[in-house]
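# Structural overview for review
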Amino acid sequence: MAVDELQAIIQRCQILEEADFKGEDFNLFQVAGQKCLEDGYAAQLLEVIQNEKNKVIIKNMGWNLISPLVRCIFMYKQEDDKREHCLRILDQLAQLCNPKELFLGLLEQIEQTSGEQVCQTVMLLLQPLQTVLLKLQNKKAYSVGLSLAMIMNQLTPLPVPYTKQQIQEDKLGLCQCCNAVVDFAKPFVNEVVKNMEKSSEYNDMELKEELIKFCMQSLKYPLLAAQLEHLEGIEEHPFRHFAIEITDILWNVGELIPLVFVHRKGKSPHWENQEFADIERKNSADSLACLSYLMFVQHFGVECFPVVFSPSYLLLCNMTHIEVLLKRTEESVLSKGLDLFESCLLRMEDKSLLHHYLELRGFINVPQDLVKIMTLCPMEHMRKKSLNILQLFIDKFDTEGKYTLFRCLLKTSNHAGVEGYIIKNIKDQIHLALTDYDNIWFTGHHLISLLDLALSLPEGAETDLLQNSDRIMASLNLLRYLVIKDCESDNQTGVWTTLGKIEQNFLKPLRVGLNMSKAHYEAEIKNKKENRKEAHSSNTVCSVTVSGEKMPAMTTGMQLQVLHSALFTFDLIESVLARVEELIEVKTKAAMDENS
């Protein structure tokens, strides 16, 4: 019987000195103890462990029971007495065993767990692990850091619940587990705070650094991927609670504000392997970006925030973080980047952002990232929000800043819809400039330089007019506005000075391109109609190439609809072009009549 075997080993070991225990004794104790647990004799094993006479034996050998003990705890149902006995054994082992040996045994158990049991195992072992760590004298900071890193590494592969239903179900227990880990860390945070209060020159930085590493890791996972908005029907949002706890730890150890503003320069570990250094830098960037989101969007820790910084300085500090977040494609991360950018911009007054900021890399890169989201993101609400934020960003710049930004976006966006949007913005700024005589950037020679970019065809007469129709219509509307609003005698905008160049680079190539495109599409329509007659059916499926791209298989009737739609676009462009040419002719003739 398993209990008899265990008693025999115990009696033999009781008469030995601690130094005389052999490897064989450890093995026999482990096998007999495991058999007791597996055969349902947990109560008897508990009695053996609680017996004062066995204190030395348990101190040295008890940690070997951790693995079979954890297996049995998960095997028994919640209400089973045997499970309760196993839990009491675990508690006793935490009190009696050699801290160093038990610490390694607990960590090994956490490391070996996987899949659906990760969170259950971590939550089960957190209390005994905390008890053991509080007893450790040597390498305590290292051991705390190792424990937290091991736990977070085991949790990281788990999917983060995102929807309201997923958070409420918490299928794998991640929400509950994350908050349990924070509670596990609190005694060590308190220890750091206590030591800092004792001395203003607190030198023992090791434990503090380990806690900061844990917070940084938590910011990257799960918080960067987590849904942190208030959700109706969830009274205490587990990830919001976890985020508040993490920011509280950083505040308590005196690192919240430095992390937000200083970016911890020089505190990164030195890696000889460049690949490791790049991973460390990326992880740190993700974590700091998430921290800024928590503070400036969710307002966690904002009560600790000094109110001495200008809105433009806060935008400057956050631009790196915004850039990091907008480069990602996951909705949870991308939305945080957009929210952080919007939050910073809404703090600012229109026209308050000086053009000098555009000399900084982030202020050029971020609008380009917005353009990519606007044009490539598969989520419509993200595309729309990006467009709104781009407009907000434009509005915050002074006049020279707007001018510089427009030039940059016209040169880099490579998207007709975006270019059309920028050209419309240019028109709006010209309208304001014509009523404000101090505005030199959207009148005169500065504007002429901008018009060279706006009133041109990317590839001359060979330009794909269908693909570039948004830009072309915006350019024609801009030119029509300029010709109507600015008399040749005033020439405030300089449009009449550069009209010859506009005709050469824009109007004439456009007219040639329209004639070629219309002829091509009319011939294609004629060809399709003839083919349809020959096939005696409008349901014949074939393919057609439009704008250089092969269209999906369609019936001839559907293809004809697409081709007619393209012709309609060309007619629309042609009608506006004709109106512009007519206006130029009328205005030029009127000016000549005045001069004669």
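Residues numbered from 1 in each chain as written. Predicted model: local features only at pLDDT ≥ 70, side-chain atom pairs only at ≥ 80, totals over all residues. Heavy atoms only, no water.

Looking at an unreviewed UniProt entry, one finds the chain named GLMN protein, with Molothrus ater as its source organism.

### What about the overall build of the chain?
Spelled out, the test is: Secondary structure counts use DSSP, requiring at least four H or I residues in a row for a helix and at least two E residues in a row for a strand, with both numbered from the N terminus. Residue contacts are counted whenever heavy atoms from the two residues lie within 4.5 Å of one another. Only the protein chains shown count as covering a residue, and every accessible area follows the Shrake-Rupley method with a 1.4 Å probe.
Looking only at helices and strands, one finds 25 helices and four strands in the chain. Long-range pairs, those at least 24 residues apart, make up 74% of the contacts in the chain between residues at least 6 apart in sequence. If you sum the accessible surface of the chain, you get close to 29,800 Å²; carbon and sulfur atoms cover 50% of it.

### What to know about the packing of aromatic side chains
Quick note on the threshold: Here a pair means two rings of Phe, Tyr or Trp (six-membered ring of Trp) with centres within 6.5 Å. Their orientation is stacked below 30 degrees between planes, edge-to-face above 60, and tilted elsewhere. When accessible area is computed with a 1.4 Å probe and restricted to protein chains, residues below 20% of their type maximum are described as buried, those above 50% as exposed, and intermediate ones as partly exposed. Only Lys NZ and Arg CZ are tested; either one counts as a charge over a ring when it is within 6 Å of the ring centre and within 35 degrees of the ring normal.
The tally for this structure, following the rule as stated, stands at 10 aromatic pairs. Aromatic side chains phenylalanine 406 and phenylalanine 442 sit 5.9 Å apart centroid to centroid with 65° between the ring planes, which places their arrangement in the edge-to-face category. Highlighted residues: phenylalanine 406 in helix H20 (residues 399–412) and phenylalanine 442 in the loop between helix H21 (416–433) and helix H22 (444–454), separated in sequence by 36 residues. Both residues of the pair, phenylalanine 406 and phenylalanine 442, belong to the buried class. Through a chain of ring-to-ring contacts, three or more aromatic side chains come together here, namely Phe341, Tyr357, Phe363, Phe393 and Phe397. Directly above the ring of tyrosine 293 sits lysine 336, whose terminal nitrogen or CZ lies 5.5 Å from the centroid.

### So, helix H18 (residues 361–376)
Definition in use: Expected span of a helix, by definition, is 1.5 Å for each gap between consecutive residues, and there is one gap fewer than residues.
In a regular helix each residue adds 1.5 Å, so 16 residues correspond to 22 Å; H18 covers 22 Å between its end C-alpha atoms and thus fits that length. All of the buried residues in H18 are Gly362, Phe363, Ile364, Asn365, Val366, Pro367, Asp369, Leu370, Val371, Ile373 and Met374. Structurally, H18 contributes buried residues whose contacts are with helix H16 (311–326), helix H17 (331–346), helix H19 (380–396), H20 and H21.

### Notes on the pattern of salt bridges
Quick note on the threshold: In what follows, salt bridge is the name for a side-chain nitrogen of Lys or Arg lying within 4 Å of a carboxyl oxygen of Asp or Glu.
Counted by the stated rule, this structure contains 26 salt bridges. The closest approach of N and O atoms between lysine 385 and glutamate 342, which form a salt bridge, is 3.6 Å. Of this pair, lysine 385 sits in helix H19 while glutamate 342 sits in helix H17, placing them 43 residues apart in sequence. On the basis of relative accessibility, which here comes to 27%, the residue glutamate 342 falls in the partly exposed class. Here glutamate 582 ties to arginine 579 by a salt bridge, and the two come within 3.6 Å at their closest N and O atoms. Here glutamate 582 pairs with arginine 579, and both are found in helix H25 (residues 556–595), just three residues apart, close to one helical turn. By relative accessible area, which is 36% here, arginine 579 ends up partly exposed. Linked by salt bridges that have partners in common, Arg511, Lys518, Asp571, Glu574 and Glu581 make up one network.

### Re the packing of H20 against H22
Cut-off, in case you're wondering: Angles run from 0 to 180 degrees between N-to-C directions of axes, and those axes are lines fitted to C-alpha atoms, restricted for helices to the stretch in contact. Working rule for angles: under 35 degrees goes down as roughly parallel, over 145 as roughly antiparallel, 65 to 115 as roughly perpendicular, anything else as oblique. Note: crossing handedness is left-handed where the near helix turns anticlockwise from the far helix by less than a right angle, and right-handed where it turns clockwise. Side-chain classes are defined by residue name, with Ala, Val, Leu, Ile, Met, Phe, Trp, Tyr, Cys and Pro counting as nonpolar, Asp, Glu, Lys and Arg as charged, and the others, Gly among them, as polar.
Relative to each other, H20 and H22 sit at 20°, their axes nearing to 10 Å. With respect to H22, the axis of H20 lies roughly parallel. Our pair here, H20 against H22, has a crossing hand that is left-handed. Contacts between H20 and H22 involve Tyr403, Phe406, Arg407, Leu410 and Lys411 from the first element and His446, Leu447, Ser449, Leu450, Leu453 and Ala454 from the second. Its residues assigned to classes, the contact of H20 with H22 shows seven nonpolar, two polar and two charged.

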